[in-house]
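# Breakdown of the fold
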Amino acid sequence: VPVAVTGFIIWYVDNRTRGISQYLFGRQIPVVGILIALAAIYLCGLVATTLLGRFFLRLIDAILSRLPILRQFYVAWKQIALTPGGTEGTFSRVVLIPDETGVTHLLGFSSGRTIDGDDQTYCVFVPAAPNPVNGRLYFVRKEKCVFIDVLPDEAFKVILSTGNYIPPAVGE
């Protein structure tokens, strides 16, 4: 399946970008559009990591955070998008919480901050395996949460591998 999907994406991008080679060289050349698209993506990444690029990204972030109608959607999406590797947002800390029976534990993610209005409760998202987009949201008392020293990237590997990969810190 991954090979077929990759092949389809390459075919699709090549078909959509053949006009670039037609414009540049006067005839359609296979794969030229893909190479140009990859170069453009790479250059956009270079620009975004420079000081000027970071300035513009912060400026766009500030503008979107202040737009009256879009603000709520943007802020919510930004919290979700700050996934593994970030130091803020819902997925910044890895936590073990007891399941409904109290016998086993669930691997989840939390911001590490208590919810507003209740300084004894964390909001924990427990993703489903192997599709971490689905999951459940729990509000768990502080004393039942065990924050573990695992990077969010590592925890996502555990979920995506359906338990075939478990870092040593999970057992501690």
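Let me begin by describing the structure that accompanies this report.

A cluster of nonpolar residues, Leu52, Phe55, Phe56, Leu59, Ile63, Leu67, Ile69, Leu70 and Phe73, forms a patch on the protein surface that exposes about 920 Å² of accessible area. For Leu59, the location among the structural elements is in helix H3 (residues 51–66).

Let us now look at the nonpolar core. If you look at the biggest cluster of nonpolar residues, it comprises 13 residues, and the most contacted ones within it are Phe91, Val94, Leu107, Phe109, Ile148, Val150 and Ala155. Secondary structure elements with two or more residues in this core: strand E1 (93–98), strand E2 (105–110) and helix H5 (152–160). With four residues, the top contributor of residues to this core is H5.

Further remarks concern the packing of helix H1 (residues 2–25) against helix H2 (residues 32–49). It is at 6 Å that the axes of H1 and H2 come closest, and there the two elements cross at 95 degrees. In terms of orientation, H1 and H2 fall into the roughly perpendicular class. In this structure, H1 contributes Ile10, Val13, Asp14, Thr17, Ile20, Ser21, Leu24 and Phe25 to the contact, and H2 contributes Val32, Gly33, Ile34 and Ile36. Looking at the contact of H1 with H2 residue by residue, the class counts come to eight nonpolar, three polar and one charged.

Two elements in contact, H2 and H3, have axes whose closest approach is 4 Å; the angle formed by their N-to-C orientations is 80 degrees. One way to sum up the angle between H2 and H3 is to call them roughly perpendicular. Counting all contacts with H2, which are made through Val47, Ala48 and Thr49, the residues of H3 involved are Leu51, Gly53, Arg54 and Leu57.

One pass over the full model with this rule turns up four salt bridges. Its salt-bridge partner being Asp14, residue Arg18 comes within 2.8 Å of it at the nearest N-O pair. Linking Arg18 with Asp14, this pair stays in helix H1, spanning four residues, or about one helical turn. Given a relative accessible area of 23%, Arg18 falls into the partly exposed group. Between Arg141 and Asp118 there is a salt bridge, with its nearest N and O atoms 3.5 Å apart. Pair noted here: Arg141 is in strand E5 (residues 135–141) and Asp118 is in strand E4 (residues 118–127), with a separation of 23 residues, a long-range link.

As for its position among the elements, Thr121 is in strand E4. Overall, the relative accessible area of 6% leaves Thr121 in the buried class. A polar contact is formed between the side chain of Thr121 and the side chain of Asp118, at a distance of 2.6 Å. At 3.2 Å, the side chain of Thr121 and the side chain of Arg141 are in polar contact.

Let's shift gears to H1. Over its 24 residues, H1 runs 33 Å from end to end, which matches the ideal 34 Å to within 8%, given 1.5 Å per residue. Of all the bends in H1, the greatest measures close to 40 degrees and is centred on Arg16. In the core, the buried residues of H1 are packed alongside H2. The positive-phi residue at the C-terminal boundary of H1 is Gly26, with phi of around 80 degrees.

What follows is about the side chain of Ser161. Along the chain, Ser161 turns up in the loop between H5 and helix H6 (168–171). Given the relative accessible area of 17%, Ser161 is considered buried. From its side chain, Ser161 meets the backbone nitrogen of Tyr165 in a polar contact 3.0 Å long.

Basis of the calculations
- Residues numbered from 1 in each chain as written.
- Predicted model: local features only at pLDDT ≥ 70, side-chain atom pairs only at ≥ 80, totals over all residues.
- Heavy atoms only, no water.
- Patch = residues over 30% accessible without salt bridge, like charges linked within 9 Å, V, L, I, M, F, W, Y side chains within 5 Å.
- Areas by Shrake-Rupley, 256 points an atom, 1.4 Å probe, with all protein chains shown as cover.
- Salt bridge = Lys/Arg side-chain N within 4 Å of Asp/Glu carboxyl O.
- Helix = DSSP H or I, 4+ residues; strand = E, 2+ residues; numbered from the N terminus.
- Core = buried A, V, L, I, M, F, W, Y, C linked by side-chain atoms within 4.5 Å.
- Buried < 20%, exposed > 50% of the residue type's maximum accessible area, 1.4 Å probe, protein only.
- Axes fitted to C-alpha atoms, helices over the stretch in contact; angles between N-to-C directions.
- Parallel < 35°, antiparallel > 145°, perpendicular 65-115°, else oblique.
- Contact = heavy atoms within 4.5 Å.
- Nonpolar A, V, L, I, M, F, W, Y, C, P; charged D, E, K, R; others polar.
- Polar contact = N/O pair within 3.5 Å; in protein donor to acceptor, adjacent residues only side chain to side chain.
- Expected span 1.5 Å × (residues − 1).
- Bend = angle between axes of the 7 residues up to and from the residue.

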